[in-house]
Amino acid sequence: MTSRTITPEEFEGTWRLLDWRQEYDDGRVRYPMGERPVGLISYREGRVYEIATSAGRPDFVTGGQWDADDAEKAMAYTTSMCYSGTYVLDGDQVVHHVDLSVFPNFVGKGLRRTVLWDGATMTLSGRMEEGTPEARTVILDWCRW
């Protein structure tokens, strides 16, 4: 796979999540949604929508969506990520300008990702927490839905 400018025609559409890993500068590798995450990202008419979860998440047993036990709700949050916004292609990068997210710290931010593309699989990668002990590269692999 090589880094190159991807055209809007190649980029737009819906993509299925294959892998999500975080490679820390100290050598650690973590899989925030497990080793078999499920999810999609969709690029249409200047908007991006992303949702990802761990596979096989259990149903709540202590209540419904709003009145379940706090531990179950926390686990549901821990095993999911979703956001939406606008996006701009910038050479071999895409910037997601987030306007809605389950993680409030993303709202109002621009998430810059390098795009690696081989014609079938797309990898989005970006740096997080630069200059801290938690500095890492986040890498998400996608294929056409």
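Up top is the structure.
This is a predicted model, so every value here is computed, not measured.

**Student:** Quick rundown of the overall build of the chain? Include the residues and the values.
**Tutor:** Scanning the chain for helices and strands turns up two helices and 10 strands. The order of α-helices and β-strands along the chain, N terminus first, is β-α-β-β-β-β-α-β-β-β-β-β. For the chain, the C-alpha radius of gyration of 16 Å lies close to 15 Å, the compact-globule estimate for 145 residues. The C-alpha extent of the chain, read off along each of the three principal axes, is 50 × 40 × 30 Å. Considering the chain as a whole, with its 145 residues, one finds that 37% of them fall into the buried category.

**Student:** Describe the layout of surface pockets, naming the residues involved and giving the relevant values.
**Tutor:** If you add up the space inside the largest pocket, you get close to 590 Å³. Lining the largest pocket are 27 residues, with Trp20, Gln22, Met81, Phe106 and Met128 sitting closest to its centre. Elements represented by at least two residues in the lining of the largest pocket include exactly strand S2 (13-24), helix H2 (70-78), strand S6 (80-90), strand S8 (110-117), strand S9 (121-128) and strand S10 (136-144). It is S10 that provides the largest number of residues to the lining of the largest pocket, a total of four residues. In the lining of the largest pocket, the residues fall into 16 nonpolar, five polar and six charged.

**Student:** Pulling in residues and values, what's your account of the packing of aromatic side chains?
**Tutor:** Applying the stated criterion to the full structure yields six aromatic pairs. Judged by centre distance (5.9 Å) and plane angle (90°), the rings of Tyr83 and Phe106 are edge-to-face. Taken together, the positions of Tyr83 in strand S6 and Phe106 in the loop between strand S7 (93-101) and S8 put the pair 23 residues apart, joining distant regions of the chain. Taken as a pair, Tyr83 and Phe106 share a single burial class, namely buried. Connected via pairs of aromatic rings, a cluster forms that spans Phe11, Tyr43 and Tyr87. The ring of Tyr24 carries Arg28 above its face, with NZ or CZ at 4.0 Å from the centroid. Here the basic side chain of Arg30 rests over the ring of Tyr24, its NZ or CZ set 5.8 Å away from the ring centre.

**Student:** So, the pattern of salt bridges: which residues are in play, and what are the values?
**Tutor:** Overall, the coordinates contain 11 salt bridges when judged by the stated rule. Residue Arg47 pairs with Asp99 through a salt bridge whose shortest N-O separation is 2.9 Å. Separated by 52 residues along the polypeptide, Arg47 in strand S5 (residues 47-53) and Asp99 in strand S7 bring together distant segments of the chain. When its relative accessible area of 24% is taken as the criterion, Arg47 is described as partly exposed. For Asp99, a relative accessible area of 40% corresponds to the partly exposed category. Glu130 is the salt-bridge partner of Arg127, the closest N and O atoms lying 2.8 Å from each other. What makes Glu130 exposed here is its relative accessible area of 52%.

**Student:** How would you explain the environment of Phe103 if you had to name every residue and give the values?
**Tutor:** Structurally, Phe103 is set in the loop between S7 and S8. The contact partners of Phe103, leaving out residues within four places of it in the chain, are Tyr77 and Met81.

**Student:** Provide a residue-level description of the pairing of S7, including the pertinent values.
**Tutor:** Of the strand pairs in this sheet, S6 and S7 are connected by eight bridges, and their pairing is antiparallel. Looking across to S7, one finds that Tyr87 is bridged to His96. Taken together, S6 and the strand that follows it, S7, pair antiparallel across an intervening segment of two residues, in which Gly91 is found at a positive phi of about 65°. In the sheet, S7 pairs with S8 via five bridges, with the strands oriented antiparallel. When the bridges of S8 are listed, Val95 appears paired with Arg112.

Conventions adopted
Residues numbered from 1 in each chain as written. Predicted model: local features only at pLDDT ≥ 70, side-chain atom pairs only at ≥ 80, totals over all residues. Heavy atoms only, no water. Helix = DSSP H or I, 4+ residues; strand = E, 2+ residues; numbered from the N terminus. Rg over C-alpha atoms; globule rule 2.2 N^0.38 Å. Buried < 20%, exposed > 50% of the residue type's maximum accessible area, 1.4 Å probe, protein only. 1 Å grid on protein atoms, 1.4 Å probe; cavity = no way out; pocket = protein on both sides within 12 Å on 5 of 7 lines; lining within 4 Å. Points joined across faces, edges and corners; volume = space filled by probe spheres on them. Nonpolar A, V, L, I, M, F, W, Y, C, P; charged D, E, K, R; others polar. Phe/Tyr/Trp six-rings, centres within 6.5 Å; stacked < 30°, edge-to-face > 60°. Lys NZ or Arg CZ within 6 Å of the ring centre and 35° of its normal. Salt bridge = Lys/Arg side-chain N within 4 Å of Asp/Glu carboxyl O. Contact = heavy atoms within 4.5 Å. Pairing = 2+ DSSP bridges.

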